[in-house]
Amino acid sequence: MTQDELKQAVARAAIEYVVDGEIIGVGTGSTANFFIDELGKIKHRIKGAVASSEATAVRLKSHGIQVFDLNDVESMPVYIDGADEIDPKGAMIKGGGAALTREKIVASVADKFICIADGSKLVDVLGKFPLPVEVIPMAHAVVTRKLQALGGQPTLRMKDGNPLVTDNGGYILDVAGLQITAPQELEAKINNIVGVVTVGLFAQRGADVGLLGMADGVKKFVY
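Residues numbered from 1 in each chain as written. Predicted model: local features only at pLDDT ≥ 70, side-chain atom pairs only at ≥ 80, totals over all residues. Heavy atoms only, no water.

Novice: Help me understand the packing of helix 2 (residues 30-41) against helix 3 (residues 54-62), please; the structure alone is not making it clear to me.
Specialist: For any two helices packed against each other, one specifies the inter-axial angle together with the distance between the axes. Contact geometry for helix 2 and helix 3: axes closest at 9 Å, N-to-C directions at 25°. Between helix 2 and helix 3, the angle is such that the two are roughly parallel. At the point where helix 2 passes helix 3, the crossing takes the right-handed sense. Across the interface between the two elements, Asn-33, Ile-36, Asp-37 and Leu-39 from helix 2 touch Thr-56, Arg-59 and Leu-60 from helix 3. In terms of residue class, the contact of helix 2 with helix 3 is made up of three nonpolar, two polar and two charged. (Axes fitted to C-alpha atoms, helices over the stretch in contact; angles between N-to-C directions. Helix = DSSP H or I, 4+ residues; strand = E, 2+ residues; numbered from the N terminus. Parallel < 35°, antiparallel > 145°, perpendicular 65-115°, else oblique. Left-handed = near helix turned anticlockwise from the far one by under 90°. Contact = heavy atoms within 4.5 Å. Nonpolar A, V, L, I, M, F, W, Y, C, P; charged D, E, K, R; others polar.)

Novice: Whenever I open this one, the nonpolar core confuses me. Can you help?
Specialist: Where a protein is soluble and globular, its nonpolar side chains tend to be buried together. Core analysis: the biggest nonpolar cluster contains 25 residues, and Val-18, Phe-35 and Leu-39 have the highest contact counts within it. The set of elements that each furnish at least two residues to this core consists of helix 1 (3-14), strand 1 (23-26), helix 2, strand 2 (48-51), helix 3, strand 3 (76-81), strand 6 (110-118) and strand 14 (209-214). (Core = buried A, V, L, I, M, F, W, Y, C linked by side-chain atoms within 4.5 Å. Buried < 20%, exposed > 50% of the residue type's maximum accessible area, 1.4 Å probe, protein only.)

Novice: What's the story with the side chain of Ser-53 in this structure? I'm lost.
Specialist: Topologically, Ser-53 is positioned in the loop between strand 2 and helix 3. The residues contacting Ser-53, other than those within four sequence positions of it, are Thr-28, Ala-99 and Asp-167.

Novice: Sorry if this is basic, but what is going on with the pairing of strand 6 here?
Specialist: Consecutive side chains along a regular strand alternate between the two faces of the sheet. In terms of burial, strand 6 is a largely internal element, seven of the nine residues being buried. When strand 3 meets strand 6, the two strands line up parallel, connected through five bridges. Residue pairing in the sheet places Ile-80 in a bridge with Ile-114 of strand 6. Of the strand pairs in this sheet, strand 6 and strand 14 are connected by five bridges, and their pairing is parallel. Considered in strand 14, the bridge of Ala-117 is made with Leu-212. (Pairing = 2+ DSSP bridges.)

Pasting the structure below:
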């Protein structure tokens, strides 16, 4: 199976976790896009969705799915999103699509986090994928120095020759060179750096269920 076919397989499997008559939290990225396309086929069964990015909101609306502002939603049964890496305990690196802050906020409201990904995202130790950190623009240089002091090699994410700007008006630092053996502790440490909006470590609130597309089918992991 190709990588896209694996992503499509886990997107289909995630439909099992959609709760009828409820609002569903939906993530951002290529795997989440496959899930949105599957969700569009059963849109009559749900009340609507909360989007973790402007791009996700546009795709949901294109399928005729009502998009709710998170401020108007008290609870959600499930949040479904991909990951750039996930470890055997359900801790993840997210933020390759620059939506890490909103993803973390929406996930915090949901009762369950369902991670959907192709099997290549499963790693023993997080950190081969550069760790995204969203920062206030005026603080990117000072935060860079603080992250270097932690042993990382931060690079300011660029787009069309300029710093990429997130939906929140922030910049992204991609931190290479980390072996993240204690993800919860590192998440807290980086989040405490002044100028950081949030770090793309989802460990203190990781996945509850992982649906990973392998060559021999979708494997379910419960954390």
